[in-house]
Amino acid sequence: MKNILVFAALLSLASCASTMNSHRMKAAQRKMLETRRLQQAGEWDAAQAMAERMHSSVAKSITSAPRQKSSSGTMVDLLPLLAGWENGPFSDLKTTLQKHDLKRSPAAFASLRQQCVNCHAVLGNTKVQVSEIP
């Protein structure tokens, strides 16, 4: 009986962490779309601040569970993917927002979104949809 209670407690903790990450990633997606809306409205400083909030949501999600099982059953280390996102598309987006670069904005957002899609694909989470960025 004691083993069953311990197992149930561990299962509920794992479920809670998974639920928390799901909420964080949904929040990151909302923040990504809001960053784009703010940028399009010419509110560059607010867009930069929202982009940092988006980064926080993504980073917390990944660092709280850096190794996850893919749909094929293999373990995937998400930290290199996070580093690639931070040093590539997210860095480009930050630069674009800091420079108020209207011409590069669409490409920066598209690249950022694509990296999100790639990470979900690596995990086999094809049911998770990353919203298109207008």
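Just above, that's the structure.
These notes cover the structure that comes with them. Note that this is a predicted model, so its numbers are computed, not measured.

Further remarks concern the nonpolar core. M54, W85, L93 and L112 are the most contacted members of the largest nonpolar core, which totals 26 residues. Elements supplying a minimum of two residues to this core: α1 (2–40), α2 (44–64), α3 (79–98) and α4 (105–123). Per element, the largest residue contribution to this core is eight residues, and it comes from α2. If we skip the residues at most four places from it in the chain, L93 touches A51, M54, A108, F109 and L112.

Another aspect to go through is α2. With 21 residues, α2 extends 30 Å from end C-alpha to end C-alpha; this agrees with the ideal 30 Å at 1.5 Å per step. Along α2, the residues classified as buried are W44, A47, M50, A51, M54, H55, S57, V58, A59, S61 and I62.

With that out of the way, let us pick up the packing of aromatic side chains. Given two aromatic rings, their pairing is described by the distance between the two centres and the angle made by the two planes. Within this structure, the stated rule accounts for one aromatic pair. Aromatic side chains W85 and F90 sit 5.0 Å apart centroid to centroid with 15° between the ring planes, which places their arrangement in the stacked category. Here W85 matches F90 in class, with each residue buried.

Between α2 and α3, whose axes approach to 11 Å, the crossing angle comes to 175°. One way to sum up the angle between α2 and α3 is to call them roughly antiparallel. Together, W44, A47, Q48, A51, E52, M54, H55, V58, A59, I62 and T63 of α2 and L79, L82, W85, E86, F90, L93, K94, T96, L97 and Q98 of α3 make up the contact between the two elements. When the residues that make up the contact of α2 with α3 are grouped by side-chain class, the tally is 13 nonpolar, five polar and three charged.

Turning next to the packing of α3 against α4. The geometry of α3 relative to α4 is characterised by a closest axis approach of 8 Å and an angle of 165° between their N-to-C directions. By the angle between their directions, the pair α3 and α4 is classed as roughly antiparallel. For the crossing formed where α3 meets α4, the hand is left-handed. Where α3 abuts α4, its residues L81, G84, W85, P89, F90, D92, L93 and T96 lie against S105, A108, F109, S111, L112, Q115, C116, C119 and V122. Classifying every residue of the contact of α3 with α4 gives 11 nonpolar, five polar and one charged.

Calculation rules
- Residues numbered from 1 in each chain as written.
- Predicted model: local features only at pLDDT ≥ 70, side-chain atom pairs only at ≥ 80, totals over all residues.
- Heavy atoms only, no water.
- Core = buried A, V, L, I, M, F, W, Y, C linked by side-chain atoms within 4.5 Å.
- Buried < 20%, exposed > 50% of the residue type's maximum accessible area, 1.4 Å probe, protein only.
- Helix = DSSP H or I, 4+ residues; strand = E, 2+ residues; numbered from the N terminus.
- Contact = heavy atoms within 4.5 Å.
- Expected span 1.5 Å × (residues − 1).
- Phe/Tyr/Trp six-rings, centres within 6.5 Å; stacked < 30°, edge-to-face > 60°.
- Axes fitted to C-alpha atoms, helices over the stretch in contact; angles between N-to-C directions.
- Parallel < 35°, antiparallel > 145°, perpendicular 65-115°, else oblique.
- Nonpolar A, V, L, I, M, F, W, Y, C, P; charged D, E, K, R; others polar.
- Left-handed = near helix turned anticlockwise from the far one by under 90°.

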